[in-house]
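Observations on the model geometry
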Amino acid sequence: MENKQENLDHLRHSCAHLLAAAVMELWPQAKRTIGPAIENGFYYDFDNLKISEDDLPKIEVKMHELAVSWNKFEKIDVNRQEAKKAFADNPYKLELIGEFSAKGENLTLYKSGNYIDLCRGGHCEHPDRQLKYFKLLSIAGAYWRGSEKNAMLTRIYGTCFPTEKELNDYLAQLEEAKKHDHRKLGKELELFMISEEVGQGLVLWLPKGNIVKEEIEQWVKVTEKQWGYQRVTTPNITKSGLYYTSGHLPYYKNDMYPPMMLEDGNEYYLKPMNCPHHHMIYKNKPRSYRDLPVRLAEYGTCYRYEASGELFGLMRVRGFSQNDAHIYCSLEQAVGEFVQVMKLHEYYYKALGITKYHLELALRDPTKAEKYHGDEAMWKLAEDLMRKAVAKMDIPMVEEIGNAAFYGPKIDFIIHSSIGRQFAISTNQIDLYMGKRFGLAYVDKEGKEQTPVIIHRAPLGSHERFIGFLIEHYGGAFPLWLAPIQMIIIPIAERHTASARHLQEDLLQNGIRAEVDGRNEPMGAKIRNATLQKVPYMGIMGDKEIEAKGLSIRTRAGVDLKMMNFHEVKSLLRDEIETKR
RNA sequence: GCCUGGAUAGUUUAGUGGCAAAACGUUCCCUUGGUAAGGGAAUGAGCGCGAGUUCGAUUCUCGCUCCAGGCUCCA
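The shown structure was predicted, so the numbers you read here are calculated from the model rather than taken from an experiment.

This next bit is on the pairing of strand β23 (residues 453-457). With respect to burial, β23 is a largely interior element, five of its five residues being buried. Relative to β23, strand β20 (residues 422-431) runs antiparallel, the two being bridged by three bridges. Bridged to I430 within β23 is I455.

Structure representation (structure tokens):
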């Protein structure tokens, strides 16, 4: 398995060489930089190259032409002088050569056909036979070495497979993924919109999308009550002082909407997070160790002024409502509470059929101490507590250096969408820092004042991101309990419409979201429309059905469930609505 | 924020330096049907916004806004 991946990487890296060779033939003035294999293909970055996607086919043709003469990759060992001479006109390669030789690494060139590149190796054996099934996918800008301080290069993405079938399957999968894009489905199914007049990154929930949102929210309220949370509501704006206390101001000012100045001289900010508000509620009265843990939950609306290029459908927005809560507990309770938080995640995800996810432990970057608050011992303890809790679970975890919050490490749940995108849905922390900043306290058994540990958690992230994820997860075909329209009744002819309306009333009374398609269209057209709208159940009503006081049921998957009487229809739907969550 | 590309009826798209096209949708008429599109008619954009070039700009140029693919960032 591992070997297979390695072979694939070698193939793709070889293909990157081929891409660079073709580009250099077509645009000799371009400066090559690097060209690695990546998860689903490869890329190569160039400076001084101005091309558009229309040029990609031309490059592909040239690649096929060149590949014929590439019977092998020949390794050439060189010393520093030789390497420098070979890339004298390429500052990027010179930079790399300088670094490699400073580290004492051997310098190697690889020659294939007439093309030579600086490379540490890792290629396929027979490029002329193996480099056949590739496709250039897109071009993009990318900073040299990933730093926005550096030059913006032109990146060409492509992919390559050992066989034509694998390539075609992958390309078909990309096409399929486009159909599941939540932005496309959001428009087609009328779930949400973003209006230029309202503002970038500000979501307007349409009636159908709002049903999904409210169903989720209702479910969360019931569930979290059972799990020992108390619900609160806090306002969307706050005086600036709270954010100086938290330490977010002035450092994160750029990520907040600018303040409103009031006549009394106070600045008010739209809240970028709910934490300080919940802290104020905790602080509202003296707390005893007997009260702990205190778990305060809210679908809190936050605003963050994300950079315009970051905005992405529902997944990255400027205004959103978080499935947020803060748990105030003693140090001894922290691990147990954190375990419970992770179990709540598992409960939610299992119910929704989300099976692919992992944890990401975000630690601070020790070389950038100035970015972080708090002392060494606090960071160590917070990390240890979270690791202890994770050890009790069976969820894969990766570690990321440098992604920590400024006041502590965090653990994100990353869930994988059906079309291969990954999203950080939920951020969780054991926070040993903010309690002190906000002067939070409880009285312990000995009558001494202690600072509570704060656990931040948001299993379902924000409504916006989470529903965006669910749209892609289900491909728009929501389970019955979430479906905006649960059943559509299709009268065959106009004389059946009154009975259809009558049944609709009955279903509505039974808490089932039913509609009637009363248009003057043939039944086939109505079925087609309901199927495209991914309505779970269609109920056909004609003479036979009225006669038998029944309904002929068809699912959106095209399965004919035959005629049922009204009572059976109702219990079929009610049972499914109640059990499928 | 940065790079590249885009913006034409409610939606999806075609197109042109000289009156702006189609399909779907919507409305009406005919049809009253048995499991993924029955027929006809009408309606609807002045081509993202602003400026420039031109006799004339939706089309060319510049700026801006928004969208897409990336990069960077993400309390």
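Quick look at the sheet that holds strand β27 (residues 550-555) now. If you walk across this open sheet you meet the five strands as β25-β24-β26-β27-β28, and the pairing is mixed. Since the sheet does not close on itself, it has two edges, and those belong to β25 (514-516) and β28 (560-565), each with one partner. With direction set aside, neighbouring strand axes in the sheet form an average angle of 25 degrees. Bridging between strand β24 (residues 487-491) and strand β26 (residues 537-541) involves five bridges; their strand directions are parallel. When the bridges of β26 are listed, I490 appears paired with I540.

All right, on to the protein's contact with RNA strand B then. Residues in close proximity to RNA strand B total 56 residues, the closest being G141, D255, G309, A493 and G542. Sorting elements by how many residues they give to the surface near RNA strand B places helix α16 (residues 523-532) first, with seven residues.

Within the largest apolar cluster, 87 residues are counted, with the highest numbers of intra-cluster contacts made by F338, I430, I455 and I489. Residue contributions to this core peak at seven residues, all from helix α11 (residues 331-351). Of the residues that make up this core, three or more belong to each of domain 2 (185-474) and domain 3 (487-579).

Moving on, we come to helix α18 (residues 566-579). Every α-helix winds through 3.6 residues per turn, so residues three or four apart in the chain are directed the same way. For α18, with 14 residues, the first-to-last C-alpha span of 20 Å sits near the 20 Å given by 1.5 Å per residue. Restricting attention to buried positions, one finds in α18 the residues V569, L573 and I577. Along the axis of α18, the buried residues cluster in a sector spanning 55 degrees; they form a single face. Residues of α18 that are exposed and angled more than 90 degrees away from the buried face: H567, S571, D575, E578 and T579. Of the surrounding elements, those touching the buried residues of α18 are β24, β26, β27 and β28.

Let us now look at the confidence of the model for chain A. Model confidence for chain A is summarised by a mean pLDDT of 91, while 99% of its residues fall at 70 or above. Put simply, helix α6 (residues 164-179) is where chain A has its lowest mean pLDDT, 86, and strand β21 (residues 442-443) is where it has its highest, 97.

Across five bridges, strand β4 (residues 74-78) lies against strand β5 (residues 107-112) in antiparallel orientation. The residue of β5 that forms the bridge with I76 is L109. Sheet analysis places β5 next to strand β6 (residues 115-118), joined by four bridges and oriented antiparallel. Directly across from K111, in β6, lies its bridge partner I116. Between β5 and β6, which pair antiparallel and follow one another directly, the connecting turn spans two residues, one of which, G113, has a positive phi of 55 degrees.

With that out of the way, let us pick up the sheet that holds strand β17 (residues 357-363). Strand order across the open sheet formed by eight strands is β11-β15-β16-β23-β20-β19-β17-β18, with mixed pairing between neighbours. The sheet terminates laterally at β11 (230-231) and β18 (397-401), the two strands that pair on one side only. Summarising the sheet, strand β16 (residues 319-329) and β23 pair through five bridges and their orientation is antiparallel. Bridge assignment links C329 to a residue of β23, and that residue is V453. On top of the sheet, helix α10 (residues 275-283) reaches β15 (294-303), β16 and β23; it is set at about 145 degrees to β15, its chief contact.

Contact geometry for α11 and helix α12 (residues 376-391): axes closest at 9 Å, N-to-C directions at 50 degrees. Here α11 lies oblique to α12, going by the angle between them. Regarding α11 and α12, the two cross each other, and that crossing is right-handed. On the side of α11, the interface is formed by A334, V335, F338, V339 and M342, while α12 contributes L385, M386, K388 and A389.

In this section: unusual backbone geometry. Note on backbone geometry: most residues besides glycine have negative phi, and most peptide bonds are trans. A cis amide bond, omega -5 degrees, links L292 with the succeeding residue P293. Tracing the backbone through its elements, the reader meets P293 in the loop between α10 and β15. The backbone of E190 shows a phi angle near 55 degrees, a positive value even though the residue is not glycine. Structurally, the position occupied by E190 is in the loop between α7 (182-188) and β9 (192-194). What makes E190 partly exposed here is the crowd of 14 C-beta atoms within 10 Å.

Right, let's talk about the environment of W27 for a bit. Residue position: W27 is located in the loop between α1 (2-26) and β1 (31-32). According to the C-beta neighbour criterion, W27 is partly exposed, with 15 such atoms within 10 Å. In this structure, the C-alpha to C-alpha distance between W27 and G199, residues 172 residues apart in sequence, is 41 Å.

So, how was this worked out
Residues numbered from 1 in each chain as written. Chains lettered and ligands numbered in written order. Predicted model: local features only at pLDDT ≥ 70, side-chain atom pairs only at ≥ 80, totals over all residues. Buried ≥ 20, exposed ≤ 12 C-beta atoms within 10 Å, placed from the backbone. Helix = DSSP H or I, 4+ residues; strand = E, 2+ residues; numbered from the N terminus. Pairing = 2+ DSSP bridges. Axes fitted to C-alpha atoms, helices over the stretch in contact; angles between N-to-C directions. Near = placed C-beta within 6 Å. Core = buried A, V, L, I, M, F, W, Y, C linked by C-beta atoms within 7 Å. Domains from an automatic or database assignment. Expected span 1.5 Å × (residues − 1). Arc of directions from axis to C-beta. Contact = placed C-beta atoms within 7 Å. pLDDT = per-residue confidence, 0-100. Parallel < 35°, antiparallel > 145°, perpendicular 65-115°, else oblique. Left-handed = near helix turned anticlockwise from the far one by under 90°.

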